[in-house]
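Given next are the chains, with one letter for each unit.
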Amino acid sequence: MDNRQAIGSWLSGPRAAAEDMGADFGHRGRRLGLPQEGPGSVAPVGRRFGALFIDWAACMLIAYGLIARGDQQSAGNWALGVFLVLSLLTVGTIGSTPGKRIMGLRVVAEDGGRLGAVRVVLRTVLLLLVIPALVWDRDTRGLHDRLARAVQVRI
C-alpha cells in the first residue's frame, strides 16, 4: 500500500475507509425505514438548527418581556423554563414546536407514531442539557432523540 493512500484514508475518517472497502451506509434514515427525501425523511441539520434558533428567540422574548421584566441576566435563566414548557406542550400535543412548524419539521416516534408523555419529557430534558443533542449517529439523530426513540422528519 502506498503511504499516501494510508494517510488519505486516515484524514478522511473511518466512514470513508469503510466505504472504500465496500460498506454501504445508505441514506440518512434508511435503518429506520424512512425515505431518502421528501415528506417523512430525516430532517436536515440546517433546518433543525433554524427551528431551534426560532424557538430560543421566542423564549428569550417571552422571558425578557413578561417574566424577567427587562432584567437581561435573569432572562436567560427564565428562557430555559419557557423553552421547557413550550417544548413539553407543543411536541407532546402536535409533535412540533413553533420553530419546527415554521421550518416544516415534526418530531415522531421511530415507528412513525406520536411520542408518549414520558418520552417527550425525556427528550426535552436531554435537549436542555445541550451535550446529548450534540452527539449524533450516522442518521444525524442526537442522543436525546435516540434515547427517546424519536426522529425529526420533514412534514
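Note that the coordinates shown come from a computational prediction; the quantities given were computed from them, not determined experimentally. (Residues numbered from 1 in each chain as written. Predicted model: local features only at pLDDT ≥ 70, side-chain atom pairs only at ≥ 80, totals over all residues. Heavy atoms only, no water.)

J.: An account of the overall build of the chain is requested, with residue identities and associated values reported.
T.: When you go through the chain residue by residue, the secondary structure sums to eight helices and two strands. Secondary structure of the chain in N-to-C order comes out as α-α-α-α-α-β-α-α-α-β. A burial count over the chain gives 34% of its 155 residues as buried. Counting contacts in the chain only where the partners sit at least 6 residues apart, residues at least 24 apart contribute 57% of the total. Total accessible area computed for the chain in this model is approximately 9400 Å², and 63% of it derives from carbon and sulfur atoms. (Helix = DSSP H or I, 4+ residues; strand = E, 2+ residues; numbered from the N terminus. Buried < 20%, exposed > 50% of the residue type's maximum accessible area, 1.4 Å probe, protein only. Contact = heavy atoms within 4.5 Å. Areas by Shrake-Rupley, 256 points an atom, 1.4 Å probe, with all protein chains shown as cover.)

J.: Hey, could you go over the packing of aromatic side chains for me, with residue numbers and the actual values?
T.: Tallied over the full model, the rule gives two aromatic pairs. Ring centres of phenylalanine 49 and tryptophan 136 lie 6.4 Å apart, and the angle between their planes is 45 degrees; on these two criteria the pair is classed as tilted. Of this pair, phenylalanine 49 sits in helix 3 (residues 45-67) while tryptophan 136 sits in the loop between helix 7 (131-134) and helix 8 (143-147), and the two are 87 residues apart along the sequence. Residue class for tryptophan 136 comes out partly exposed when judged on its relative accessible area of 39%. A cation over a ring is seen here: arginine 48 above tryptophan 136, with NZ or CZ 5.9 Å from the ring centre. (Phe/Tyr/Trp six-rings, centres within 6.5 Å; stacked < 30°, edge-to-face > 60°. Lys NZ or Arg CZ within 6 Å of the ring centre and 35° of its normal.)

J.: Explain the layout of surface pockets to me, using residue names and the numbers behind them.
T.: By volume, the largest pocket amounts to about 430 Å³. Lining the largest pocket are 22 residues, and of these Phe49, Leu52, Leu127, Ala133 and His144 lie nearest its centre. Elements that contribute at least two residues to the lining of the largest pocket include exactly helix 3, helix 4 (72-93), helix 6 (117-128) and helix 7. With seven residues, helix 3 is the single largest residue contributor to the lining of the largest pocket. (1 Å grid on protein atoms, 1.4 Å probe; cavity = no way out; pocket = protein on both sides within 12 Å on 5 of 7 lines; lining within 4 Å. Points joined across faces, edges and corners; volume = space filled by probe spheres on them.)

J.: Please set out the pairing of strand 1 (residues 105-109) residue by residue, giving values where relevant.
T.: With respect to burial, strand 1 is a largely interior element, four of its five residues being buried. Direction of pairing for strand 1 relative to strand 2 (residues 150-154): antiparallel, over a ladder of five bridges. Each residue of the ladder has a partner; that of valine 108, found in strand 2, is valine 151. (Pairing = 2+ DSSP bridges.)

J.: Residue-level account of helix 3, with values.
T.: In a regular helix each residue adds 1.5 Å, so 23 residues correspond to 33 Å; helix 3 covers 31 Å between its end C-alpha atoms and thus fits that length. Of the positions making up helix 3, those classed as buried are Arg48, Ala51, Asp55, Cys59 and Ala63. As for helix 3, its buried residues are in contact with helix 4, helix 5 (98-103), strand 1 and strand 2. (Expected span 1.5 Å × (residues − 1).)

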